[in-house]
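Residue strings, one per chain:
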Amino acid sequence: HDWVDTDLIQPLAKDTPFIVENGLSGQFIVLYAGNLGLSQGLETILTAAQNITSQPDVLFLFVGDGSGRNQLEKEVETRQLSNVRFLPFQPRERLPQVLASAAVSLVILKKGIGFDSIPSKIWSILASSRPLVISVDEGCEAWNIIQQSHAGLCVPPEDPSELAQAILTLKKDSELRRKMGENGRIWALEHHSPQAAAQIFENLFRSLLSSHQNA
């Protein structure tokens, strides 16, 4: 069962040393943290950023690295996007601060991939008590988890207009962001903490033992 270290990843105030050291104070950060690969369709984020250039306080922040980073950086330069920034992978102990920097965190996959993959970053984001905008196939497990947990907004994959609109919806409603963040933390503790995962395994083993004894 998927689990996240809910003791390491705690809800933190936004103004952490990570924010201060990188000059990020006062900005509405839309965060994508993790692998910058080819299966995510991260160019969708760039187009969404292009649609939100009229919001000067919104910063799209990529934290991570991967095979797609160079192309993304070239695309940012070509489009002259001043509201996009890249930072390298951070040490594990800094992950709670990175996640806390977000006003909104993004999870994004290309069409069709959501039915074969659940991005593990979902659990960390939920534990950090930050709302998500998730761009995956409707009806896939990741989509359903966000719907059930009420921890974010779901939009279709490879749809930058819908992605931008969801971000703006959350930007305009701080109470909605707060509530979704709280919902995510509760869901992580109840379903994806080490204790919850261990209990699921224990229940499974007890069921198997009981079946064997009754056979």
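It should be emphasised that the depicted structure is a prediction, and the values quoted were computed from it without experimental measurement.

*Asks:* Explain the overall build of the protein chain here, please?
*Replies:* Helix and strand counts for the protein chain stand at nine helices and six strands. Its C-alpha radius of gyration of 18 Å places the protein chain within 12% of the 17 Å reference for a compact globule of 215 residues. In terms of overall dimensions, the protein chain has C-alpha extents of about 70 × 35 × 30 Å along its principal axes. As presented, the protein chain carries roughly 10,600 Å² of accessible surface, and 50% of it is formed by carbon and sulfur atoms. When the 18 positive and 24 negative side-chain charges of the protein chain are each reduced to one mean point, those points stand 4 Å apart.

*Asks:* What should I look at first to understand the side chain of R177 in this one?
*Replies:* Looking at where R177 falls in the secondary structure, it is placed in helix α8 (residues 174–191). Put simply, R177 is tucked away with no salt bridge, and the nearest opposite charge, on D173, sits 6.7 Å away. Reaching out from R177, the side chain makes a polar contact with the backbone oxygen of K171 at a distance of 3.1 Å. Once residues within four sequence positions are removed from consideration, R177 is found in contact with F28, A103, V104, P131, L170, K171 and K172.

*Asks:* What is the right way to look at the sheet that holds strand β1 (residues 28–33) in this model?
*Replies:* Taking strand neighbours across the sheet as the criterion, the six strands line up as β3-β2-β1-β4-β5-β6 in an open arrangement whose pairing is parallel. Among the strands making up the open sheet, the edge pair consists of β3 (84–87) and β6 (152–155). When strand polarity is set aside, the average angle formed by the axes of neighbouring strands in this sheet is 25°. Bridging between strand β5 (residues 132–135) and β6 involves four bridges; their strand directions are parallel. When the bridges of β6 are listed, S135 appears paired with V155. Here helix α3 (residues 69–79) sits on the sheet and contacts β2 (58–63) and β3; the angle it forms with β3, its principal contact strand, is near 150°. Packing of helix α7 (residues 160–171) onto the sheet brings it into contact with β1, β2, β4 (104–108), β5 and β6, and relative to β6 it is tilted by some 165°.

*Asks:* Help me understand the side chain of N83, please; the structure alone is not making it clear to me.
*Replies:* Structurally, the position occupied by N83 is in the loop between α3 and β3. The class of N83 is buried, set by a relative accessible area of 8%. Apart from residues lying up to four places away in sequence, N83 is in contact with A49, I52, T53, V58, L59 and F60.

*Asks:* Any chance you could explain the packing of helix α2 (residues 43–51) against α3 here in plain terms?
*Replies:* For any two helices packed against each other, the geometry comes down to the angle between their axes and how far apart the axes lie. Running from N to C, α2 and α3 point in directions that differ by 20°, and their axes come no closer than 10 Å. Of the possible angle classes, the one that applies to α2 and α3 is roughly parallel. α3 is crossed by α2, and the crossing has right-handed handedness. The segment α2 lies against α3, with E43, L46, T47 and Q50 engaging L72, E75, V76 and R79. Classifying every residue of the contact of α2 with α3 gives three nonpolar, two polar and three charged.

*Asks:* What's the story with a nonpolar patch on the surface in this structure? I'm lost.
*Replies:* Together, F201, L204, F205 and L208 make up an exposed nonpolar region whose accessible area comes to about 390 Å². Within the fold, F201 resides in helix α9 (residues 194–214). Take F201: its relative accessible area is 37%, and that puts it in the partly exposed class.

*Asks:* What is the right way to read α3 from this model?
*Replies:* Spacing of three or four residues puts side chains on the same side of an α-helix, whose turn is 3.6 residues. Listed in full, the buried residues belonging to α3 are R69, L72 and V76. The buried side chains of α3 occupy one side of the element, clustering within an arc of 60° when seen end-on. Opposite its buried face, α3 presents the exposed residues N70, K74, E77 and T78, each directed more than 90 degrees away. Its buried side turned inward, α3 meets α2, β2 and β3. Two residues or fewer after α3 comes Q80, characterised by a positive phi angle close to 55°.

Procedures and definitions
- Residues numbered from 1 in each chain as written.
- Predicted model: local features only at pLDDT ≥ 70, side-chain atom pairs only at ≥ 80, totals over all residues.
- Heavy atoms only, no water.
- Helix = DSSP H or I, 4+ residues; strand = E, 2+ residues; numbered from the N terminus.
- Rg over C-alpha atoms; globule rule 2.2 N^0.38 Å.
- Areas by Shrake-Rupley, 256 points an atom, 1.4 Å probe, with all protein chains shown as cover.
- Lys, Arg positive; Asp, Glu negative; His and termini not counted.
- Charge placed at Lys NZ, Arg CZ, Asp CG, Glu CD.
- Buried < 20%, exposed > 50% of the residue type's maximum accessible area, 1.4 Å probe, protein only.
- Salt bridge = Lys/Arg side-chain N within 4 Å of Asp/Glu carboxyl O.
- Polar contact = N/O pair within 3.5 Å; in protein donor to acceptor, adjacent residues only side chain to side chain.
- Contact = heavy atoms within 4.5 Å.
- Pairing = 2+ DSSP bridges.
- Axes fitted to C-alpha atoms, helices over the stretch in contact; angles between N-to-C directions.
- Parallel < 35°, antiparallel > 145°, perpendicular 65-115°, else oblique.
- Left-handed = near helix turned anticlockwise from the far one by under 90°.
- Nonpolar A, V, L, I, M, F, W, Y, C, P; charged D, E, K, R; others polar.
- Patch = residues over 30% accessible without salt bridge, like charges linked within 9 Å, V, L, I, M, F, W, Y side chains within 5 Å.
- Arc of directions from axis to C-beta.

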